Amino acid sequence: MLHQQVVSPILDLPKQPGLPMRLSRYFLPILREDPKEAEIVSHRLMLRAGMIRQESAGIYAWLPMGYRVLQKINAIVREEQNRAGAIELLMPVIQSADLWRESGRYDDFGKEMLRICDRHDRDMLFGPTNEEMITEIFRGYVRSYKDLPLNLYHIQWKFRDEVRPRFGVMRSREFLMKDAYSFDLDVAGARHSYNRMFVAYLRTFARMGLKAIPIRADTGPIGGDLSHEFIILASTGESEVFCHGDYLAMEPPAADIDFDDPAQMQGIFDDWTSRYAATEEMHDKAAFEALPDNAKVSARGIEVGHIFFFGTKYSQAMKAVVSGPDGKDIPVQMGSYGIGPSRLAAALIEANHDESGIIWPDAVAPFHVGIANLKTGDAATDAACESLYAKLEKAGRDVLYDDRDERPGAKFARMDLIGLPWQVIVGPKGLAEGKVEVKNRRSGERELLSPDEALNKLSGT
RNA sequence: CGGAGUGUAGCGCAGUCUGGUAGCGCACCUGCUUCGGGAGCAGGGGGUCGGAGGUUCGAAUCCUCUCACUCCGACCA
């Protein structure tokens, strides 16, 4: 029996040694017809491509294909958080009501908070966010200004009892969130922490192939003074966005920037916030109209990240203080920074699809390459596929091998639907001439190459 | 939370008005023929019709209650 390593979305996706990912032995329950309840394209495609299954209103199981995407997203989020100096931990899903009474949010949150009672009649809740808990952890250990700055994050399931969940995992009740929390001695330090996360977010979304536009936002129930939403443009987005066209051409900050350099971070922040960008609620028609005509972009957008600086809102209420250089207690300056990986999975599809299905950007694709064996059982095609599979895996590519005994048409349609970036089509006709066909899912371009050439092209150098 | 709907096989649906013992397409299983863009023929398996009560000789169908889900609006990572 093959023991697959159990991996939670909170952990890295390790390279799993084991049997090849043969479709005949995999679990990829695709749907041929559109499920009637799915209104938007990402929801439809996630159901059809066997990524998710609805278990209750706004609650989904992540099937293997969807789970892989989620893990790829998490890996990028995690890398960029770490790069920016944030430190990963893991807080529980279930929280005590007392913690929320301290901050005063137990009542504020209202019906959106799922409340439960344990056997001892203690009030508990399913965490919608973790400001209270992280503040409680912080104050339990940190006493001195010398231990600042500090930025802690986790990737954990959250629950918000939405009045009307919809659009699949785009607006679900249970959702995965990366939430980071920064602690600083003073406002200037906190501002730097905010900028670091701002820059990390620019890089995170860019790495997934998304154009994310930072938009100054309302602070809402989290509270505070400064806040930005990161919105990606997609025709099926929920909200209307107005912005300067420059944003579509801007390059994300490079990997080798110095996150510890306040001036550099502030410079990037200034650059990315100097142009007009607003959602419907904050839209300033006059300012937008003043832009040159060719710079006016109005489009639909999906919020995939939201960052807040809220000062001492929680540290004061919950007495998270450190001793300053003068020995006096100072409430710490805090910020929080959220990204929704589960929503991102859907947003990525909204931004990357066509009539045939999903078109995964390489960085988040569940598999990089799909090998379609057009004639299983034929010694030559079987051998060519096995060989390609082994070599691509060795080259570090994630490969899905379609070894099912089906007609070519069905295989093509399924490959297009699940949207792997590259398809290698191996059939007797091509092999007779020593060729396989390499197809790029996005461009539709096909090339006849020898297996070695195909291997070279797809090895990712 | 207001409004509108829908629950019949894994998925998509018909049957409900007008009660008579459940059907179609896809999927699945078997066989043969096929095989480079979702094959054809033949055969086969699978449903206590969301649940509970009631009316009736008889209920998927009529009545009452209930549960779940979806859509539109207000609200939101």
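Further up the page is the structure itself.
Every value quoted in this text rests on a predicted model; they were computed, and no experiment measured them.

### Re the sheet that holds strand β6 (residues 123-126)
Spatial ordering of the open sheet is given by β4-β6-β5, a layout of three strands whose pairing is antiparallel. Looking at which strands have only one partner, the edges of the open sheet turn out to be β4 (94-96) and β5 (114-117). Each adjacent strand pair in this sheet contributes to an overall mean axis angle of 40 degrees, direction not counted. Of the pairings in the sheet, the one linking β4 to β6 comprises three bridges and is antiparallel in character. Note that in β6 the partner of S96 across the bridge is M124.

### Focus on the sheet that holds strand β20 (residues 399-402)
Sheet strands associate in pairs through backbone hydrogen bonding, adopting either a parallel or an antiparallel arrangement. Taking strand neighbours across the sheet as the criterion, the five strands line up as β20-β19-β21-β22-β23 in an open arrangement whose pairing is mixed. Because the sheet does not close on itself, it has two edges, and the strands there are β20 and β23 (446-449). Neighbouring strand axes in the sheet, compared pairwise and without regard to direction, differ in orientation by 20 degrees on average. Examined bridge by bridge, strand β21 (residues 422-426) and strand β22 (residues 436-440) share four bridges and lie antiparallel to one another. Pairing of I425 across the sheet is with E437, part of β22. In this fold helix α11 (residues 379-394) packs onto β19 (369-373), β20 and β21, with an angle of close to 170 degrees to the strand it touches most, β19.

### Side note on the protein's contact with RNA strand B
The full set close to RNA strand B counts 38 residues, and R32, R171, S172, E437 and R446 are the nearest of them. Restricting the count to atoms of RNA strand B within 4 Å of the protein gives a sugar and phosphate share of 46%. Contacts to RNA strand B include D416, whose side-chain N or O atom sits 2.4 Å from a base nitrogen. For the surface near RNA strand B, the element with the most residues is helix α12 (residues 408-418), which contributes six residues. Looking at the surface near RNA strand B, its residues break down into ten nonpolar, seven polar and 21 charged.

### Thoughts on the environment of T273
Positionally, T273 belongs in helix α7 (residues 262-273). On the basis of relative accessible area, T273 is assigned to the partly exposed category, the value being 27%. When the C-alpha atoms of T273 and I137 are compared, they prove to be 33 Å apart, with 136 residues separating the residues in sequence. With near-sequence residues (within four places) excluded, T273 lies in contact with F198, H228 and Y247.

### What to know about helix α1 (residues 41-48)
Burial analysis of α1 places seven of its eight residues in the buried class, the great majority of the element. Positive backbone phi, approximately 65 degrees, marks G50, located one or two places after α1.

### What about the packing of aromatic side chains?
What the rule picks out here adds up to 16 aromatic pairs. When the ring of Y247 is compared with that of W272, the centres are 6.1 Å apart and the planes differ by 40 degrees; the resulting orientation is tilted. You can see Y247 sitting in the loop between β11 (239-244) and α7 and its partner W272 sitting in helix α7, a full 25 residues away along the chain. Given a relative accessible area of 6%, W272 falls into the buried group. Connected via pairs of aromatic rings, a cluster forms that spans Y194, F198, Y201, F205, F230, F269 and Y337. Directly above the ring of F367 sits R68, whose terminal nitrogen or CZ lies 4.0 Å from the centroid. Across from the ring centre of Y106, 4.5 Å away, lies the NZ or CZ of R115, which sits over that ring.

Reading guide: rules and limits
- Residues numbered from 1 in each chain as written.
- Chains lettered and ligands numbered in written order.
- Predicted model: local features only at pLDDT ≥ 70, side-chain atom pairs only at ≥ 80, totals over all residues.
- Heavy atoms only, no water.
- Pairing = 2+ DSSP bridges.
- Helix = DSSP H or I, 4+ residues; strand = E, 2+ residues; numbered from the N terminus.
- Axes fitted to C-alpha atoms, helices over the stretch in contact; angles between N-to-C directions.
- Contact = heavy atoms within 4.5 Å.
- Near = heavy atom within 4 Å.
- Polar contact = N/O pair within 3.5 Å; in protein donor to acceptor, adjacent residues only side chain to side chain.
- Nonpolar A, V, L, I, M, F, W, Y, C, P; charged D, E, K, R; others polar.
- Buried < 20%, exposed > 50% of the residue type's maximum accessible area, 1.4 Å probe, protein only.
- Phe/Tyr/Trp six-rings, centres within 6.5 Å; stacked < 30°, edge-to-face > 60°.
- Lys NZ or Arg CZ within 6 Å of the ring centre and 35° of its normal.

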